[in-house]
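# Understanding the architecture of this molecule
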Amino acid sequence: MKYFLSKSKYIRGLQCSRALWLDVYHPELAQYSRETMRKFDRGREFERLFKDQFPDAVDVSAALRNRFNDYPAFTEEVLQRDGEVDLFEAGFLFDNVLVLADVVHKNADGRLDIYEVKSGSTLSETYKNDAAVQHYVISHCHNINSFSIVYNGNSDHPDQSDRSDQSDQSPNFKIVNLTEELALQHALISNNISCMKEVLKGGEPDITPGDRCTTPYECPYKKYCDKGLRHLSLF
Ligand code: SF4
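Below, the structure is looked at part by part. Keep in mind that what you see is a predicted model, and the values were worked out from it rather than measured. (Residues numbered from 1 in each chain as written. Predicted model: local features only at pLDDT ≥ 70, side-chain atom pairs only at ≥ 80, totals over all residues.)

Moving on, we get to the environment of F4. Locating F4 in the fold gives a position in the segment before strand 1 (5-6). Using a count of 16 C-beta atoms within 10 Å as the deciding quantity, one classes F4 as partly exposed. Residues F4 and K197, spaced 193 residues apart in sequence, show a C-alpha to C-alpha distance of 7.7 Å. Look past the residues within four positions of F4 in its chain and what remains in contact with it is N96, K197 and L200. (Helix = DSSP H or I, 4+ residues; strand = E, 2+ residues; numbered from the N terminus. Buried ≥ 20, exposed ≤ 12 C-beta atoms within 10 Å, placed from the backbone. Contact = placed C-beta atoms within 7 Å.)

Structure, rendered in structure tokens:
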């Protein structure tokens, strides 16, 4: 294995070190609610609609499926092509963290425009944390021209974002360029990654369930932790 953390594990680790540890060593314990699964579905659909604007893109995930260790080399191969090129799920590896970028546009001068697509209706701190770790990794691999978050401008009312009948609405993509803001967070990201690597060297962290279990996301290990169970594995 060439990497220790992914973007989603990094976000999990920000919420709770025990959740990060379980995600790596016992992902079979995760249980997602129906509502969470519906949110995942809405997110995938919103992302698909945005990607429709890049009809000639190279879809790295379609080419490699779950061969994640191969993503960075394949991505690099495509980025070496002359002229402009678009990629979906381009993979980048730095500091043992693998990130897959939703949409990457390589300009003719080689600099990258990156779009992280989120179906929510507000630009949350969690979205920014997600973008920040990607910016940290990708900027150590390539020259970034811009890094933007795309979110859902149709969901101005919170309830509307939960509707299942949004297919009749035209998507309203709000694009916010966060390049400068994300570049200022590299030292923090590097420190967080070091802490998470230390967590993964040890046994299951002794964290008592509390507010963190539902913020910013409902933790999929809640049932396991609420029962007071612990794995006694030694790493
Ligand atoms: S349920 Fe709470 S304590 Fe348990 S792993 Fe999740 S966030 Fe951590």
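Still to come is the rest of the account.
Taken together, 13 residues surround the ligand, and among them C16, A19, C213, C219 and C225 come closest. Listed by contribution, the elements that provide at least two residues to the shell around the ligand are helix 2 (17-25) and helix 9 (222-226). Of the residues forming the shell around the ligand, the biggest block, 3 residues, is contributed by helix 2. For the shell around the ligand, a count of residues per class yields 9 nonpolar, 1 polar and 3 charged. (Near = placed C-beta within 6 Å. Nonpolar A, V, L, I, M, F, W, Y, C, P; charged D, E, K, R; others polar.)

Turning our eyes to something else, we now look at the pairing of strand 5 (residues 112-117). Extensive coverage of strand 5 is indicated by the burial of 5 of its 6 residues. In this structure, strand 4 (residues 97-106) lies alongside strand 5, joined through 4 bridges in antiparallel fashion. If you follow V104 over to strand 5, its bridge partner there is I114. Taking the residues that link successive antiparallel strands as the turn, the strand 4-strand 5 hairpin has 5 residues, and the phi of G110 there is positive, at about 95 degrees. Each parallel crossover has a hand, and the one from strand 5 via helix 6 (residues 125-139) to strand 6 (residues 144-152) is right-handed. (Pairing = 2+ DSSP bridges. Right-handed = clockwise from strand over helix to strand, strands pointing away.)

With that out of the way, let us pick up the nonpolar core. Here is a general trend for soluble globular proteins: nonpolar side chains tend to be buried in one another's company. One finds V97, V99, A101 and V133 to be the most contacted residues of the largest nonpolar core, which totals 45 residues. The set of elements that each furnish at least two residues to this core consists of helix 2, strand 3 (85-94), strand 4, strand 5, helix 6, strand 6 and helix 8 (186-201). Sequence-distant contacts of V99, that is, excluding residues within four places in its chain, are made with K7, F92, V133, Q134, V137 and I138. (Core = buried A, V, L, I, M, F, W, Y, C linked by C-beta atoms within 7 Å.)

Look at helix 2 against helix 8: their axes get within 10 Å of each other, and the N-to-C directions meet at 60 degrees. Taken together, the axis directions place helix 2 and helix 8 in an arrangement best described as oblique. Pair helix 2 / helix 8 crosses with right-handed handedness. Within the contact between the two elements, helix 2 uses S17, L20, W21 and V24 and helix 8 uses M196, V199 and L200. (Axes fitted to C-alpha atoms, helices over the stretch in contact; angles between N-to-C directions. Parallel < 35°, antiparallel > 145°, perpendicular 65-115°, else oblique. Left-handed = near helix turned anticlockwise from the far one by under 90°.)

Right, let's get into unusual backbone geometry. Following T215, the chain continues to P216 via a peptide bond in cis, the omega torsion being 0 degrees. Structurally, P216 is set in the loop between helix 8 and helix 9. In the Ramachandran plot, E89 falls in the positive-phi region, its phi being about 55 degrees despite a non-glycine side chain. Inspection of the secondary structure puts E89 in strand 3. Take E89: there are 20 C-beta atoms within 10 Å of it, and that puts it in the buried class. With phi around 60 degrees, D95 is a residue other than glycine that occupies positive phi space. Relative to the assigned elements, D95 resides in the loop between strand 3 and strand 4.

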